[in-house]
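Tertiary structure, described
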Amino acid sequence: MRDQIRPGRRPVRHRALTAALAVGALTAGVALAPPAAAGAGTGPGTVQQGLDALVRADGLPAALASVQDGRGRTGSYTAGVGDVATRAGVPRDGQVRIGSNTKTFTAVVALQLVGEGRVALDEPVETYLPGIVRGKGIDGRRITVRQLLQHTSGLPDYEGDIEESAMQQRYFEPRELLDLALRHEAASAPGAAFHYSSTNYVLVGLIVQKVTGRPLPEEIDRRIIQSIGLRHTSFPAVGDRTIREAHPHGYRREKPDGPLIDTTELDPSAGWAAGQMISTNSDVNRFFTALLAGRLLPAAQLAQMRTTVPIGDTGAGYGLGIISRPLSCGGVYWGHGGDIPGYETRGGATDDGRAVDIAVTSVPADEAVTRHLEAVVDTALCH
C-alpha cells in the first residue's frame, strides 16, 4: 500500500515495474458481455454501468464483479473481453489472481493459532524464528507478531527488488524473499508507524509453518478453504503458473505506449503468503462474510483483527490483515484488495452481510482508475 490505500501496489521508485502497469484505451467500443439477471438487490444496473465505464472510459481490458445483498442474494456482472487476441467473452465469476487478499487468509490462520494458544500476538518474532530477522535497524527480538500482521514492524519491503517480467518465469523461495528485504534498512522503528510491507506476511507464513509443522498452503486449505466451502479458491502449488478454471486473461505493459503483454501465466511465488492465491469474486465474498460472521475466528481474535491503525489520512484503517474503509452511505466495509501483474481486485463486506468484489484484468497505472473501481464498490454496497 505504497500510496497508503492500494494493497499490493509496487513501489513508485521501481520504474521497470510501474511503467509496465499503464493501460491504454485498447478496449474502447468493445461489445460488452450481457449483464447478469437481476437478483442481487443492490442496484444491478449501476454496478453494470460502473464496470462498463472501467472498460470504455478507463481502458481496462475487462472487469468482473460479484455482489451479494444482506439476504444472501447474489448477482454476477462482466464487461469487456476476456482475451484481447480472440475477443472471447469474460467468463462470469471467472477465476483471477487475488494478490494481497492472500494476506487476510494468512492472517486468519495465524489468529486461529493464537486462539489455540500456539502463537501469542505480543511475543517477539524471535520466539518462533530465532536468529533469522536481522539487518540494518532490524532485530526480530524487538518485532512482535502483532506488528507483522498490522504492518507496524518497520520492516522494508522486498517487492521493489523483483522485476515484474521475472515473475512470469522464476520461482522464489520464501527465505529468498526475506533475504531481499533484509538488504535494506528498516523503514521505521518497530511500532512507530504504519508501513505496508509484504515482508511482514512472508514472516507470518514462516511462523505458521514453524508452529504447525505443515506447509502454509495446506493450513490455508484445511482451515479456511475446505472449512467454508470455497470451491474455486486455491494456493497454487510450487511451479504451477496456470489458472486452472475459466478465467479472463490478465495483461501488463513494459512501457506506457507499449503493447499489452499477456501475463496470465506466471509464477506467483514472489507473493507467497502475501499474494499467491487464486479465487473468484463470489468466493472472496463468501470468505469475507464468513469471517465477519465469526465462522473462522473466535470472538476474541476477530475483535483483535478488527482493531485498526490509521492508513494515513485516507479514512481507512488497517487491522490484523484486514482493512476497514468508510462508505459514502455511512459505516464501513471490511476487506483487503490486491494487485499482481495482470489483475487488480477491490471489495469487501459489511457486518450485515452485504458484500462485493470486483476484479479488473490489468493493474492501472493511473490512481484515478483505481478510485473509479473503489467507487463502484461503494455504489454496490450503498445503493
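Cut-offs and rules
- Residues numbered from 1 in each chain as written.
- Predicted model: local features only at pLDDT ≥ 70, side-chain atom pairs only at ≥ 80, totals over all residues.
- Heavy atoms only, no water.
- Pairing = 2+ DSSP bridges.
- Helix = DSSP H or I, 4+ residues; strand = E, 2+ residues; numbered from the N terminus.
- Core = buried A, V, L, I, M, F, W, Y, C linked by side-chain atoms within 4.5 Å.
- Buried < 20%, exposed > 50% of the residue type's maximum accessible area, 1.4 Å probe, protein only.
- Contact = heavy atoms within 4.5 Å.
- Disulfide = S-S within 2.5 Å.
- Phe/Tyr/Trp six-rings, centres within 6.5 Å; stacked < 30°, edge-to-face > 60°.
- Axes fitted to C-alpha atoms, helices over the stretch in contact; angles between N-to-C directions.
- Parallel < 35°, antiparallel > 145°, perpendicular 65-115°, else oblique.
- Nonpolar A, V, L, I, M, F, W, Y, C, P; charged D, E, K, R; others polar.

1. Some remarks on the pairing of strand 12 (residues 332-335)
- Two strands pair when backbone bridges link them, and strand 11 (residues 323-326) and strand 12 are joined in this way by four bridges, in the antiparallel orientation. Bridge pairing links Ser324 to Trp334 in strand 12.
- Here strand 11 folds back onto strand 12, and the loop between the two strands holds five residues, one of which, Gly330, carries a positive phi near 105 degrees.
- Of the pairings in the sheet, the one linking strand 12 to strand 14 (residues 343-349) comprises two bridges and is antiparallel in character. The residue of strand 14 that forms the bridge with Gly335 is Gly348.

2. Considerations on the nonpolar core
- Leu149, Leu203, Ile224, Phe287, Leu291 and Met305 are the most contacted members of the largest nonpolar core, which totals 81 residues.
- No other element matches the eight residues that helix 3 (residues 102-115) contributes to this core.
- If near-sequence neighbours (up to four positions away) are discounted, Phe287 is found in contact with Thr104, Phe105, Val108, Ile224, Ile228, Leu230 and Leu296.
- If you look at the next biggest cluster of nonpolar residues, it comprises 21 residues, including Ala65, Leu327, Tyr333 and Leu381.

3. Digging into the state of the cysteines
- Tallied over the full model, the rule gives one disulfide.
- In this model Cys329 forms its disulfide with Cys382; the gap between the sulfur atoms is 2.1 Å. The disulfide joining Cys329 to Cys382 has a torsion of about -75 degrees about its S-S bond and is therefore left-handed. Note that Cys329 is positioned in the loop between strand 11 and strand 12 and Cys382 in helix 11 (residues 367-382), a separation of 53 residues in sequence.
- Assessed through its relative accessible area of 45%, Cys329 is described here as partly exposed.

4. Some remarks on the packing of aromatic side chains
- Under the defined criterion, the tally for this structure stands at four aromatic pairs.
- Consider the rings of Phe105 and Phe287, whose centres lie 3.8 Å apart with planes at 10 degrees: the pair is stacked. Of this pair, Phe105 sits in helix 3 while Phe287 sits in helix 9 (residues 281-292), placing them 182 residues apart in sequence.
- Phe105 gets classed as buried once you look at its relative accessible area, which sits at 1%.
- When its relative accessible area of 0% is taken as the criterion, Phe287 is described as buried.
- Grouped by ring-pair contacts, the aromatic residues Phe105, Phe287 and Phe288 constitute a single cluster.

5. Remarks on the pairing of strand 2 (residues 74-80)
- Burial of strand 2 is extensive: six of the seven residues sit out of reach of the surface.
- Relative to strand 2, strand 1 (residues 62-68) is paired through seven bridges, and the arrangement is antiparallel. Its bridge partner lying in strand 2, Ala62 is registered against Gly80.
- Between strand 1 and strand 2, which pair antiparallel in sequence order, lie five residues; one of them, Gly72, sits at a positive phi of approximately 90 degrees.

6. Section: unusual backbone geometry
- Look at Arg87: it is not a glycine, yet its phi comes out positive at around 65 degrees.
- Structurally, Arg87 can be placed in the loop between strand 2 and strand 3 (96-97).

7. Some words on the packing of helix 3 against helix 8 (residues 216-228)
- The interhelical angle for the contact between helix 3 and helix 8, taken along N-to-C directions, is 80 degrees, at an axis separation of 10 Å. One element, helix 3, and the other, helix 8, form an angle in the roughly perpendicular class. Contact with helix 3, carried on its side by Phe105, Thr106, Val108, Val109, Gln112 and Leu113, involves Leu216, Glu219, Ile220, Arg223 and Ile224 of helix 8 and no other residues of that element.
- Counted by class, the contact of helix 3 with helix 8 contains seven nonpolar, two polar and two charged residues.

8. Details of the side chain of Thr104
- Turning to its location among the elements, Thr104 is positioned in helix 3.
- Residue classification places Thr104 among the buried positions, given a relative accessible area of 0%.

9. Some words on the environment of Leu373
- Its place among the elements puts Leu373 in helix 11.
- Exposure remark for Leu373: the relative accessible area of 0% places this residue in the buried category.
- Separated by 322 residues in the primary sequence, Leu373 and Leu51 place their C-alpha atoms 8.1 Å from one another.
- In this structure Leu373 touches Leu54, Glu344, Arg346, Ile358 and Val360, once residues within four positions along its chain are discounted.

Treat this as a map of the structure, not an account of what it does.
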